[in-house]
Amino acid sequence: MISIENLTKRFDTAFAVEDVSLTVPEGGFLVLLGPSGCGKSTMLRMLAGLEGPSSGAIRFGGRVVADGRMSMPPEKRGAGLVFQSYALWPHMTVAGNVDWPLKVGHVQDRATLVAEALKMMGLGALAERYPSEISGGQQQRVALARMIAARPKYMLFDEPLSNLDATLRVEMRHEIARIHRMTGATAVYVTHDQTEAMTLASHVAVMRAGRVEQFGTPEDLLARPASSFVAGFVGTPPANLIPVRDGAWFARLPDAALRGATGHAMVRAEDLSLADPGPRTVQAELVEAIPMVGRRLVTVRADGMRLSVVAPAFGALPDVLHVALPAAPAAIFDSEGKPV
Amino acid sequence: MTIFPRGFGLTLGVLALLAALVAAPLATILLDTAGSPAWREVLGSNLSRNLTWVPLKNTMILGLATALGSVLIGGFLAWLVVMTDVPFRRTLGVLATLPFMIPSFATALAWGSLFRNSRAGGSIGMLEGWGMSVPDWLAWGMVPTAFVLISQYFALAFTVVAASLASLNGDVVEAGQMAGASRRRIVFGIVLPMVTPALLAGGSLAFAAGVSNFAAPALLGLPVRMQTLSTRLFGMVEIGQTERGYILAMLLIVVSAVFLGAGNRLLAGRRSFATIGGKGARAKRMTLGGARGPLCALALAVCFITTVLPIILLAAASLAPQGSALFSNWTLHFWVGVSDPAFARGQAGIFRNPQLMTALWMTLALGVGVAVVSVLIGLLAAVVLNGKRIPVLTEAVSQLAFLPMLLPGIAFGAAYIALYGAPIGPLPALYGTPWLLALALVAATLPFAVQTGRATVAQISGDVDEAARMTGAGFVRRLFAITLPLASKGMIAGALLAFVNVIGDLAIVVLLYTPQVPVLSVLSYRYASDGFHQFANAVTLVILLISVLATVLANALKGRGK
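This structure is a prediction, so every number in the text was calculated from the model and none was measured.

1. A word on the packing of helix α16 (residues 354–386) of chain B against helix α17 (residues 393–402) of chain B
Two packed helices can be described by the angle between their axes and the distance between those axes. Residue and element names in this part refer to chain B. Two numbers describe how α16 lies on α17: the axes approach to 9 Å, and their chain directions differ by 140 degrees. Considering the angle they form, α16 stands oblique to α17. For the crossing formed where α16 meets α17, the hand is left-handed. Across the interface between the two elements, Ala-381, Val-384 and Leu-385 from α16 touch Thr-394, Val-397, Ser-398 and Ala-401 from α17.

Listed below in structure tokens is the structure:
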């Protein structure tokens, strides 16, 4: 179990992380999700023990590992970290990279642990190579093997897939999910890619400007986004946020379902449809259409903003379309982004 | 012609050119001495102790001292600039590379103007002028020579080590911290092993440069009969013992090439520190705390003493009639004075000396001519290297183009005399003509020119050119609208740096020089050997000034190029 209470990190005067509290159960998979500069990497570095918090506390399994006064060194926490750059030691072989942390930690029976970790990551044949002699995907596997060899109870990942190409990224995502299932360790994973977050996580903390915007399961985030920021950030594609003013779509189509709100109405792509012109339609121009799971995801431009609409897979798409609004939006947010 | 692959003619042409410039002279010294009794005289007779072994010993000592001193100073500066929060980091980084620009005879002359004592006759330096007694070991021989070489070549070590340290990103160290390794263990287990190849490579580069140097041991060692391989080989060729000279040249090539080769292997080895896995966190700078000020002062002092102070001393010494009083009674006589029997044995100022004016124009013409020709050949060679590989031939072009990097300048000069000093068939002997110097200098600057050419070709041959082809632009149109505008800045910058190398060179030209083809560097050396230090200093300053202008221009072009 990892529990974080009122965690705050200040650099000089600026807050990198501000008053964050959350708890992940044993064996859970927490993803810290947010745009760059939101404080997610600082959070992870505090969990790893590479930075100390300014105030608040971090508990690993009930034991305080860091608070405003002390920060337990990394190796005492039973945590392993995979770096975005892999941080392999270029002067050691693949096996040497996996072995060195065990050697430093005076672990017994290192050879077996190294062999197991290499086998688990499919690296057996590359054990004697140097990092400069293997591919980027293989280097990533070595970084993972190095972490799991020590059997950490807590596995930390700092944007581990962002240096890989699209195909490898999917493959390594599956590997990380597999490792998590096999080891049963508690994982914390930093990313700005919501697909990674939604597929890997048991819990997601969406971060923005040093604060947690929403903490919950992936289903929570999709079904009940806590703010317009979350609503517009998660989902494939993310939900449409249609501007509303005084209870009128686009400030010109009044609708009682909007309850007189001013701000944004959240409408999922599947709740919009293409239709003939009518009182509840807006005119739009076609931007693009992508075939997807037997249907078509159509992107259109209406009133200067892009909307995603799910449409049938077949039939011609004219350049000018009409989008039918739903009977009611999935959620309404005020101009501050708070739910109404 | 269809039996030959495309580009066959060009490859063959470039290969022939390189053979004439590089391979033939080397082959000549080998053939000229094959079976000669000189081998026994040099290596296994009662002469060989003084002829070979003592100079070899001195050469090795100087090489090792240069390597050690350069790695210590260059490594220290690199660590300070790259890894710590020392103030004026950027300035220090620039200052540490300045010695590349200063010819070593400038530093050697400056040393003399400060420490010269009366042992070798002639005027004394400033310290003795103040009434201090300068011991021989400080005025002449090993210590001052090593100092001059280190103050010149620490820049090599700095460049290599700084590049390696910069690639050591913070993640690699933090990964060690995650494993629970102590600070000490991280330094010895991770940081040092990662920079060791660079330290050794920097050391071997400095070693090779140190053993190849001619000016420093010639100006500071010869007056007290301290011989190195380079001065000995110079002496042998000068007195007509050319075969012995050629053998010494080959020995010098072997010594220098072995270490350079070892250094290159270290840098390219399988444990090379080339960045793994792309971007990582920016390394955290080490906070120096209270040591910040003193360390910065120390670094600035090192840079000041090795680059700025020599220039100030040279300038003062070119104006002071008495070497013993550098900062009094300044006069412009040594620059522009008319001949006066009461002054400097009737020598006129350098700008009234017709030989100097000839030398100035000759040097500039050689510099420009060599730079242009060399960059053009480099471009052709780069096209060949970049094109379709032809078995054996392409590889030969590559090897020959980079071979001069392994060759000490003075040994190269000796090889040129051996081949082109005498008539070849119907071709006249080139000795005594500027052509001999030009050919040797072109060959010596080739590795650098090919490097420049490769960068240029890489820029031209890619998508950029194809994008222009898609528009239907013809070859000539693309050449003038795309290729030349893109390539010109890099090529001009490359040519300017080649120019700086040429006008500051002494080692190659000192053997090829004749009074009919005077060049500034040899003139300065001659003045200094004859005891006319002020004139030597003035001529050296002229060279320095031209070098600085050209370097600044090259940097300005490079800066705007990207």
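2. Comments concerning the sheet that holds strand β8 (residues 186–191) of chain A
Hydrogen bonding along the main chain pairs the strands of a sheet, whether they run parallel or antiparallel. All names here are of chain A. The sheet built from 6 strands is open, its strands ordered β6-β7-β8-β3-β9-β10 with mixed pairing. Both edges of this open sheet fall to β6 (79–82) and β10 (211–216), since each of them pairs with a single strand only. Averaged over neighbouring strand pairs, the angle between their axes works out to 15 degrees when direction is ignored.

3. Digging into the confidence of the model for chain B
Residue and element names in this part refer to chain B. Looking at chain B as a whole, the pLDDT averages 85, with 93% of positions reaching at least 70. For residues 274–281, every residue scores under 50 in pLDDT, and the model assigns this stretch 27 contacts once sequence neighbours within four places are set aside. Two numbers describe this predicted complex: its pTM, 0.79, and its ipTM, 0.79.

4. A short note on the packing of helix α2 (residues 94–104) of chain A against helix α4 (residues 136–149) of chain A
All names here are of chain A. Where α2 meets α4, the axes come as close as 8 Å, and the angle between the chain directions of the two elements is 30 degrees. By the angle between their directions, the pair α2 and α4 is classed as roughly parallel. The handedness of the crossing between α2 and α4 comes out as right-handed. Residues Val-94, Asn-97, Val-98, Pro-101 and Leu-102 of α2 pack against Val-142, Ala-145, Arg-146 and Ala-149 of α4.

5. Focus: unusual backbone geometry
All names here are of chain A. Between Thr-236 and the following residue, Pro-237, the backbone shows a cis peptide bond with an omega angle of -5 degrees. Note that Pro-237 resides in the loop between α8 (228–231) and β11 (240–245). Positive phi, normally seen in glycine, also occurs at Ala-87, with a value near 50 degrees. Classification of Ala-87 by C-beta neighbours within 10 Å gives buried; the count is 27.

6. Examining the domain arrangement of chain A
For chain A, the assigned domains read domain 1 (2–229) and domain 2 (237–334). Put simply, the middle of domain 1 of chain A and the middle of domain 2 of chain A, counted by C-alpha atoms, are 38 Å apart.

Reading guide: rules and limits
- Residues numbered from 1 in each chain as written.
- Chains lettered and ligands numbered in written order.
- Predicted model: local features only at pLDDT ≥ 70, side-chain atom pairs only at ≥ 80, totals over all residues.
- Axes fitted to C-alpha atoms, helices over the stretch in contact; angles between N-to-C directions.
- Helix = DSSP H or I, 4+ residues; strand = E, 2+ residues; numbered from the N terminus.
- Parallel < 35°, antiparallel > 145°, perpendicular 65-115°, else oblique.
- Left-handed = near helix turned anticlockwise from the far one by under 90°.
- Contact = placed C-beta atoms within 7 Å.
- Pairing = 2+ DSSP bridges.
- pLDDT = per-residue confidence, 0-100.
- Buried ≥ 20, exposed ≤ 12 C-beta atoms within 10 Å, placed from the backbone.
- Domains from an automatic or database assignment.

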